[in-house]
Amino acid sequence: MTTVAWIGLGAMGARMAHRLLDTGLELTVWNRMPARADALAAAGARVAATPADAVRHAEVVFLMTAGPDALQAVTEGPDGVASGVRAGVTVVDMSTVGPFALARLGAALPPAVILLDVPVLGSLAEAEAGALTLLAGGPAEAVARLRQPLSALGELVHLGPAGTGAAAKLVANFALLGTVGLLGETLAVADGLGLPREITWRLLDHTPLAAQAARRRSAIESGVFAPRFALALARKDSDLVVSAADAAGSDVRLARAVQSWLTDADSDGHGALDYTALLRHITAPPSRPEYSGAAVTAADVPGYSWGDGCAGWRLVDTPGLSVIEERMPSGTAEEWHVHDRARQFFYVLDGEATMRTPDGDVSLPGGAGIEIAPGTPHQMNNASAGELRFLVVSAPTTRGDRRPLNRDGNRP
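All of the points below concern the structure found in this document. (Residues numbered from 1 in each chain as written. Predicted model: local features only at pLDDT ≥ 70, side-chain atom pairs only at ≥ 80, totals over all residues. Heavy atoms only, no water.)

Brief notes about the overall build of the chain
Counting secondary structure elements, the chain contains 15 helices and 20 strands. Looking at the 412 residues of the chain, the share that counts as buried comes to 46%. Summarising the internal contacts of the chain: among those between residues at least 6 apart in sequence, 64% fall at separations of at least 24. Roughly 19400 Å² of accessible area belongs to the chain as shown, and the carbon and sulfur atoms make up 55% of that amount. (Helix = DSSP H or I, 4+ residues; strand = E, 2+ residues; numbered from the N terminus. Buried < 20%, exposed > 50% of the residue type's maximum accessible area, 1.4 Å probe, protein only. Contact = heavy atoms within 4.5 Å. Areas by Shrake-Rupley, 256 points an atom, 1.4 Å probe, with all protein chains shown as cover.)

Pasting the structure below:
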């Protein structure tokens, strides 16, 4: 019986390790968070205390880590894989880490250890079903020796010498991420030109984006991006693509654009969502538009006041954007009438508010926000004991006809 060590039990790694265990292999596992090994232990796997302990008696070692830093952490140092692995053992790195991290791993391992790079195409469902595509790089004879256990994970494709699989995975992922980014910007352009989405979807049926548009439409319309491949990992992969391209002297302007979008989306809190949440980020970005106009001093900001002691300051006023800071005394309310073309976002800075719309009341504590669709009547009520401060962002801009209300919510 072949003895196998598996290092890294994330969402993909745990499923793949289960596949190997089910084939009857003697399996030892290790993960930085030990609880993730519980299910495998219950199924018969041995759980090691350190990566070095996990690989000490293994004939084959599989690595499935989140990125270059994680790979280095589990392979180097006194408790790392390199300190425990024996001569003649084959180490199979299935992580998406790029050729530079793979070269570092090769230098850290003892000379008599064989290293294969076998990153995978596919996600959680494919990992669980053993239907991944395995992009193998390394000596042909070493790949052939492992064909049987690897076949439990999916289709094995030997591409060439060491490093070929790692490089191929970056190319494949860039093609995927670039296509999603292109779809997002295509939708944004169509929206900006006033095309209704239904017409845009019909149009895309006749373009090279047809398959991708059909596949992503339901997620875009529902706003649900269940994680299969986390956006934070996609951002990591885009960083690897750009770094590898720079080292090769390749001019990759599109890759940098995709990297920029993913970095922005990750910073805006989408990292745990599926990478296709990039589509939502591109087509409906957070209401933080950049304003390139001239800076003004506080004394120059247009201010006004109206009934019941309400006051406001128009911080930005351009053809495409209006930002107003408002303050309302306790117990007051304000009814807004906006043009059909305006989307508005209310952000409570401090205090508590209630936003009333035809769909009902929504409570807004300090730090919360709400989007109001064009043409939706709405009323902001100060529910706090003191003054309420909030921002109103309108895009495109609207002068926002406003009428003061009495404390009972009625117009005077």
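Overview of the nonpolar core
Of all hydrophobic cores here, the largest spans 35 residues; its most connected members are Trp6, Met16, Leu27, Phe62, Met94 and Leu134. Elements that contribute at least two residues to this core include exactly β1 (3-7), α1 (11-22), β2 (26-30), β4 (60-63), α7 (124-129), β8 (132-137) and α8 (140-145). Per-element accounting of this core gives the leading share, six residues, to α1. Those residues in contact with Phe62, other than ones at most four positions away along the chain, are Val4, Ala5, Trp6, Ile7, Leu20, Val92, Met94 and Leu150. The next biggest cluster of nonpolar side chains, apart from the first, holds 24 residues, and it includes Ala54, Ala82, Leu109 and Ala166. (Core = buried A, V, L, I, M, F, W, Y, C linked by side-chain atoms within 4.5 Å.)

Looking at the packing of aromatic side chains
Considering all chains together, one arrives at three aromatic pairs under this definition. The interplanar angle of 20° and the centroid separation of 5.1 Å between the aromatic rings of Trp6 and Phe62 together place this pair among those described as stacked. Taken together, the residues Trp6 in strand β1 and Phe62 in strand β4 connect sequence positions 56 residues apart. Exposure class is identical for Trp6 and Phe62. Each is buried. When the centroid spacing of 6.2 Å and the interplanar angle of 35° are considered together, the rings of Phe346 and Phe390 count as tilted. Note that Phe346 is positioned in strand β14 (residues 343-350) and Phe390 in strand β19 (residues 388-395), a separation of 44 residues in sequence. This pair shows no difference in class: Phe346 is buried, exactly as Phe390 is. (Phe/Tyr/Trp six-rings, centres within 6.5 Å; stacked < 30°, edge-to-face > 60°.)

Some words on the environment of Ala37
Relative to the helices and strands, Ala37 is located in the loop between β2 and α2 (38-42). With 11 residues separating them along the chain, Ala37 and Ala48 place their C-alpha atoms 9.6 Å apart.

A word on the side chain of Ser123
Assignment of secondary structure puts Ser123 in the loop between β7 (120-121) and α7. Ser123 gets classed as buried once you look at its relative accessible area, which sits at 6%. The contacts of Ser123, once residues within four sequence positions are left out, are Met12, Leu132, Arg228 and Phe229.

Examining the packing of helix α4 (residues 68-75) against helix α6 (residues 98-108)
Running from N to C, α4 and α6 point in directions that differ by 10°, and their axes come no closer than 10 Å. Judged by the inter-axis angle, α4 sits roughly parallel to α6. When α4 is examined against α6, the residues Pro68, Leu71, Gln72 and Thr75 are found in contact with a partner set consisting of Ala101, Arg104 and Leu105. A class-by-class count of the residues in the contact of α4 with α6 yields four nonpolar, two polar and one charged. (Axes fitted to C-alpha atoms, helices over the stretch in contact; angles between N-to-C directions. Parallel < 35°, antiparallel > 145°, perpendicular 65-115°, else oblique. Nonpolar A, V, L, I, M, F, W, Y, C, P; charged D, E, K, R; others polar.)

Some words on the side chain of Ser238
Looking at where Ser238 falls in the secondary structure, it is placed in helix α13 (residues 231-248). When its relative accessible area of 4% is taken as the criterion, Ser238 is described as buried. A distance of 2.7 Å separates the side chain of Ser238 from the backbone oxygen of Arg235, its partner in a polar contact. When near neighbours in sequence (up to four residues on either side) are disregarded, Ser238 contacts Leu177, Gln259 and Leu262. (Polar contact = N/O pair within 3.5 Å; in protein donor to acceptor, adjacent residues only side chain to side chain.)

Looking at the pattern of salt bridges
Two side chains carrying opposite charge are able to pair once their charged atoms lie near each other. The final tally for this structure, using the stated rule, is 15 salt bridges. The salt bridge partner of Asp350 is Arg389, with a shortest N-O separation of 3.1 Å. Pair noted here: Asp350 is in strand β14 and Arg389 is in strand β19, with a separation of 39 residues, a long-range link. Relative accessible area serves as the criterion here: at 31%, Asp350 is assigned to the partly exposed category. Three or more residues joined by partner-sharing salt bridges are found here, namely Glu325, Arg327, Asp350 and Arg389. (Salt bridge = Lys/Arg side-chain N within 4 Å of Asp/Glu carboxyl O.)

Some thoughts on the pairing of β4
Side chains Val60 and Phe62 project from β4 onto one buried face, and the interleaved Val61 and Leu63 project onto a second face that is buried too. Sheet analysis places β1 next to β4, joined by four bridges and oriented parallel. When the bridges of β4 are listed, Val4 appears paired with Val60. As defined by bridge partners, β4 adjoins strand β5 (residues 90-93) across four bridges and the pair is classed as parallel. Paired with Phe62 across the two strands is Val92, which belongs to β5. (Pairing = 2+ DSSP bridges.)

So, α6
Considered for burial, the residues of α6 that qualify are Gly98, Ala101, Leu102 and Leu105. Viewed end-on, α6 has its buried residues packed into an arc of 100°, placing them on one side of the element. In α6, the exposed residues that point more than 90 degrees away from the buried face are Ala103 and Ala107. Along its buried surface, α6 packs onto β4, α4, β5, β6 (114-117), α10 (164-192) and α13. (Arc of directions from axis to C-beta.)

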